[in-house]
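# Summary of the model geometry
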Amino acid sequence: MALLKLLMCSVFVSLTLTSFSPARAAQMPPPVKAAYWPSWFSESFPPSAINTALFTHVYFAFLMPSNRSFTFDLPESTAAQLSQFTTSLRRKTPPVKTLFSIGGGGSDSALFARIASDAKSRQIFIDSSIKTARKFGFDGLDLDWEFPKDTTEMKYFADLITQWRKTIDREAKLTSRPPLLLSAAVYYASEFLINGERRSFPAAEISKSLDWINVMCFDYHGSWDTTATGAHAALFDPHTNLSSYYGLRSWISAGVPRNKMVMGIPLYGKSWTLKDPYVHGVGAPAVGVGPGDDGILTYVQVKEFNQKTGATVVYDIRTVSAYSYVNTSWVGYDDIKSTTTKVEFARANGLRGYFFWALSYDSVDWEISTQASNAWVDDQY
Ligand SMILES: *[C@@H]1O[C@H](CO)[C@@H](O)[C@H](O)[C@H]1NC(C)=O
Ligand SMILES: *[C@@H]1O[C@H](CO)[C@@H](O)[C@H](O)[C@H]1NC(C)=O
Ligand SMILES: *[C@@H]1O[C@H](CO)[C@@H](O)[C@H](O)[C@H]1NC(C)=O
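What this report covers is the structure whose coordinates are included nearby.

## Some remarks on unusual backbone geometry
In this chain, E146 is followed by F147 through a cis amide linkage whose omega measures -10°. Among the secondary structure elements, F147 is positioned in the loop between β4 (140-144) and α6 (151-175). In the segment running from W357 into A358, the intervening peptide bond is cis, with an omega of -5°. Summarising the element assignment, A358 is placed in the loop between β16 (353-357) and α11 (367-375). A positive phi angle, close to 65°, is found at F70, a residue other than glycine. Phi is positive for D219, which is not a glycine, with a value near 65°. Residue placement: D219 occurs in the loop between β8 (212-215) and α8 (244-254). The exposure class assigned to D219 is partly exposed, which follows from its relative accessible area of 33%.

Written out as structure tokens, the structure reads:
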């Protein structure tokens, strides 16, 4: 419970409670301020539009290996996109590091299980990933396998990242280049129950083999539950375990070092249709999804919605989130204030940084990304 107190104090009482001594700070790796770039929006949001002053790492989302060869047999159009991505980001001042992310929500999870189940297929996949990264000038790789579905697949996941790290280190030595970065996007909690089976991520192998994990601290509520509104990226929730506080704490308890944890922050909201327009808090009765694509609105769209409808905007200090409502339309999202609090929370608790899903969802003037970057004060470096 000491842990619980530490986390709570740091955000609500005093940020200095957990601040680091200069001696320790000197050993701290530089912060990660990352964001994923969805490649399917490249027409409207090309890599050249990215403001690199606000980020340290940008992820190309996503690539998938072939389900026959397990290698990255990329169509020419994808290859061109990768080149354009790394070339235009390399030209920018300041520069950012680039990684490509493999998988993504809704990708073929069974394929990852097949690849990871066997040392030989793992090696084929790993070698191809490294070759692809070097060919296009990426600084690293990211695995977004959603999700290893049982104890066996968690073991495969462990084997895969262990072998990946070994191969990356060997390649770096052989070629005298800096080793590629290796990260993974993971579930908000280190272990969870599904259909009565407990699944635990392999914390020891994660700590040893990955540079960091991107903890997906969002999607706690959505179109699968239309009976009530929800703060889908709540930092705290007094009633359930669906909160970033709970999830991050579970990762710390599992033994993953805090400085290997990067906290996810969504640049999108979730909407519901209220049952009663006069009952509109977080958790208010709802009858379906609200505006947006299956109840999802990007931050830009939320802003538009608020302006166009004159919706009432409320900040919910309990969950550290914002919501707006007009008549029976209700949207829960992260605004400047909640994002700032989350970034301060991550920093005060010794996490490595934060990441956004997704880059192009911020307002045109980079409102949220700017605020987040400013909130992570680098006074210790
Ligand atoms: C492999 O991918 C192709 C194309 O997406 C699909 O049609 C096929 O069913 C997949 N095969 C397996 C074994 O998953
Ligand atoms: C939350 O998780 C803890 C274990 O980490 C468990 O004991 C508790 O029952 C859970 N609470 C709810 C409301 O699910
Ligand atoms: C809300 O309801 C009022 C009264 O029915 C209506 O005039 C108004 O256009 C509605 N606003 C929106 C944004 O739907």
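## A few points about the packing of aromatic side chains
On inspection of all chains with the given rule, the structure shows 40 aromatic pairs. Aromatic side chains F72 and F125 sit 5.7 Å apart centroid to centroid with 40° between the ring planes, which places their arrangement in the tilted category. Highlighted residues: F72 in the loop between β2 (57-63) and α3 (76-90) and F125 in helix α5 (residues 119-136), separated in sequence by 53 residues. F125 shares its class with F72; the two are buried. Each member of the aromatic cluster is reached from another via a ring pair, and the members are F112, W145, F147, F157, Y187, Y188, F192, F201, Y220, Y246 and W251.

## A closer look at the layout of surface pockets
Its volume calculated, the largest pocket comes out at about 500 Å³. Lining of the largest pocket is provided by 24 residues; of these, D219, Y268, I296, W357 and Y361 occupy positions nearest its centre. Counting residues per element, the ones that place at least two in the lining of the largest pocket are β10 (268-274), β12 (296-298) and β16. Across the lining of the largest pocket, the residue classes break down as twelve nonpolar, six polar and six charged.

## Side note on the sheet that holds β4
Pairing is parallel around the closed barrel formed by eight strands, whose spatial order is β1-β2-β3-β4-β5-β8-β9-β16. For this sheet, the mean inter-axis angle between neighbouring strands, taken without regard to orientation, is 25°. In this sheet, β16 lies alongside strand β1 (residues 32-38) in parallel orientation, the contact comprising four bridges. Each bridged residue has a counterpart across the sheet, and for A34 the counterpart in β16 is F355. The strands that α5 touches are β3 (97-103) and β4; relative to β3, the one it contacts most, it runs at about 145°.

## Topic: the packing of helix α4 (residues 109-116) against α5
Relative placement of two packed helices is described by the angle separating their axes and the distance separating the axes. Their axes nearest at 6 Å, the elements α4 and α5 cross at an angle of 115°. If you check the angle between α4 and α5, you find them roughly perpendicular. Residues R114, I115 and A116 of α4 touch α5, and the partners they reach there are S121, R122 and F125.

## Some thoughts on the environment of G290
Turning to its location among the elements, G290 is positioned in the loop between β11 (286-289) and β12. With relative accessibility at 16%, the residue G290 sits in the buried group. The residues touching G290, leaving out its near neighbours within four places in the chain, are S271, W272, T273 and G295.

Procedures and definitions
- Residues numbered from 1 in each chain as written.
- Chains lettered and ligands numbered in written order.
- Predicted model: local features only at pLDDT ≥ 70, side-chain atom pairs only at ≥ 80, totals over all residues.
- Heavy atoms only, no water.
- Helix = DSSP H or I, 4+ residues; strand = E, 2+ residues; numbered from the N terminus.
- Buried < 20%, exposed > 50% of the residue type's maximum accessible area, 1.4 Å probe, protein only.
- Phe/Tyr/Trp six-rings, centres within 6.5 Å; stacked < 30°, edge-to-face > 60°.
- 1 Å grid on protein atoms, 1.4 Å probe; cavity = no way out; pocket = protein on both sides within 12 Å on 5 of 7 lines; lining within 4 Å.
- Points joined across faces, edges and corners; volume = space filled by probe spheres on them.
- Nonpolar A, V, L, I, M, F, W, Y, C, P; charged D, E, K, R; others polar.
- Pairing = 2+ DSSP bridges.
- Axes fitted to C-alpha atoms, helices over the stretch in contact; angles between N-to-C directions.
- Contact = heavy atoms within 4.5 Å.
- Parallel < 35°, antiparallel > 145°, perpendicular 65-115°, else oblique.

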